[in-house]
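Residue-level structural notes
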Amino acid sequence: QNLLAEKVEQLMEWSSRRSVIRMNGDKFRRFVKAPPRNYSVIVMFTALQPQRQCSVCRQANEEYQVLANSWRYSSAFSNKLFFTIVDYDEGADVFQQLNMNSAPTFMHFPLKGKPKRADTFDLQRIGFAAEQLAKWIADRTDVHIRVFRPPNYSGTIALALLVSLVGGLLYLRRNNLEFIYNKTGWAMAALCVVFAMTSGQMWNHIRGPPYAHKNPQNGQVSYIHGSSQAQFVAESHIILLLNAAITMGMVLLNEAATSKGDVGKRRIICLVGLGLVVFFFSFLLSIFRSKYHGYPY
């Protein structure tokens, strides 16, 4: 009982200084692995040193800090749950002990027994947004954390600048507003919205996936997620560009068929449009096949 009281007191002291407790191998084995323990521990295994070049680790760490601060400064804060972090350069032996070869990884160490499969957060499928982590923690510990984010006025400022820019443009062109009725301009704006939505930008906004994934063993970077249940931010950008190229090809084919210009020029436009459609649609289909295993075509 004295040992347990000392461990809890030490963890509470560290938590009072920083919401996320940094641990090396010795601290991890003493406070997380070794009994007795009447508290749950959330551990983020990461590699934040600049030489590791893990941009996903930095992004995930920001969300982790938001979640830990929300717990630390909530009225429900208690000694039943602690947030910790183990950096590879400070606890490589812990990574080896757990046979862990990727970062970032989130694990829950329950107050009794060993972690089960569900105690490892499915980052690749769910993303690492603080809200998703809080939901996972509630499922594993019955501790419900309401996420409080620091105020971010960048969206409001951007909207105000956009409204000011549009208002200023309309004021300067108040005597000549025919451009408002330009069908080409509205068509381009509509296409931009369509490309953004069909490429998965809204999914990125909701789930907060990493931009790409770097394999820590061989350093290979993956821009396309291997599952149909998730995607990377870079992947949505690639899909957007492919859809735009295919659309451009269709526009050129339509232009070649409907225009009344020189036959030779129309033939060139037709071939260019056909090439864009065939090449980039084939590329899009190959990505689809790599994500949906067993695709029959």
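In this text, all values refer to a predicted model and were calculated from it rather than measured experimentally. (Residues numbered from 1 in each chain as written. Predicted model: local features only at pLDDT ≥ 70, side-chain atom pairs only at ≥ 80, totals over all residues. Heavy atoms only, no water.)

A separate point is helix 1 (residues 2-17). Along its 16 residues, helix 1 runs 23 Å from first to last C-alpha, staying within 8% of the 22 Å computed at 1.5 Å per residue. Those residues of helix 1 that fall on the buried side of the exposure criterion are Leu-4, Lys-7, Val-8, Leu-11, Trp-14 and Ser-15. Seen end-on, helix 1 carries its buried residues on one side only, within an arc spanning 125°. Facing away from the buried side of helix 1 by over 90 degrees, the exposed positions are Asn-2, Glu-9 and Arg-17. Buried residues along helix 1 sit against strand 1 (20-22), helix 2 (25-33), helix 3 (55-72) and strand 3 (81-87). (Helix = DSSP H or I, 4+ residues; strand = E, 2+ residues; numbered from the N terminus. Expected span 1.5 Å × (residues − 1). Buried < 20%, exposed > 50% of the residue type's maximum accessible area, 1.4 Å probe, protein only. Arc of directions from axis to C-beta. Contact = heavy atoms within 4.5 Å.)

Moving on to the UniProt feature "transmembrane region" (unreviewed entry) in the protein. When the UniProt feature table is mapped onto this chain numbering, "transmembrane region" (unreviewed entry) sits at residues 153-172, 184-203, 238-256 and 268-288. Helix makes up 95% of residues 153-172 and strand 0%, whereas the separation of the span's terminal C-alpha atoms amounts to 28 Å. Along residues 238-256 the backbone is 100% helical and 0% strand, and the end-to-end C-alpha distance reaches 27 Å. (UniProt positions renumbered as here; feature names shortened; annotations may be inferred.)

Read across the open sheet, the four strands follow the order 1-3-2-4; overall the sheet is mixed. The strands lining the two open edges of the sheet, one partner per strand, are strand 1 and strand 4 (105-109). In this sheet, adjacent strand axes meet at a mean angle of 30° when their direction is disregarded. Pairing analysis gives five bridges linking strand 2 (residues 40-46) to strand 4, with the strands arranged antiparallel. Each bridged residue has a counterpart across the sheet, and for Val-43 the counterpart in strand 4 is Met-107. (Pairing = 2+ DSSP bridges. Axes fitted to C-alpha atoms, helices over the stretch in contact; angles between N-to-C directions.)

When two helices pack together, their arrangement is captured by the angle between the axes and the distance separating the axes. At a minimum axis distance of 8 Å, the contact between helix 8 (residues 183-198) and helix 10 (residues 233-258) shows a crossing angle of 135°. Between helix 8 and helix 10, the angle is such that the two are oblique. By crossing handedness, the relation of helix 8 to helix 10 is classed as right-handed. Across the interface between the two elements, Leu-191, Phe-195, Ala-196 and Thr-198 from helix 8 touch Ile-239, Leu-240, Asn-243, Ala-244 and Thr-247 from helix 10. (Parallel < 35°, antiparallel > 145°, perpendicular 65-115°, else oblique. Left-handed = near helix turned anticlockwise from the far one by under 90°.)

Another aspect to go through is the packing of aromatic side chains. According to the stated counting rule, one finds 13 aromatic pairs in the structure shown. Considering the side-chain rings of Phe-121 and Trp-136, the 5.3 Å spacing of their centres and the 55° angle between planes classify their relative orientation as tilted. Of this pair, Phe-121 sits in the loop between strand 4 and helix 5 (123-126) while Trp-136 is found in helix 6 (residues 130-141), placing the two residues 15 residues apart along the sequence. Accessibility expressed as a relative area gives 5% for Phe-121, which makes it buried. Take Trp-136: its relative accessible area is 9%, and that puts it in the buried class. Joined through ring pairs, the aromatic side chains of Phe-28, Phe-45, Tyr-88, Phe-95 and Phe-109 make up one cluster. Over the aromatic face of Trp-14 sits the side chain of Lys-27, whose NZ or CZ is 4.7 Å from the ring centroid. Across the ring face of Phe-77, the terminal group of Arg-72 is positioned such that the distance to the ring centre comes to 5.0 Å. (Phe/Tyr/Trp six-rings, centres within 6.5 Å; stacked < 30°, edge-to-face > 60°. Lys NZ or Arg CZ within 6 Å of the ring centre and 35° of its normal.)

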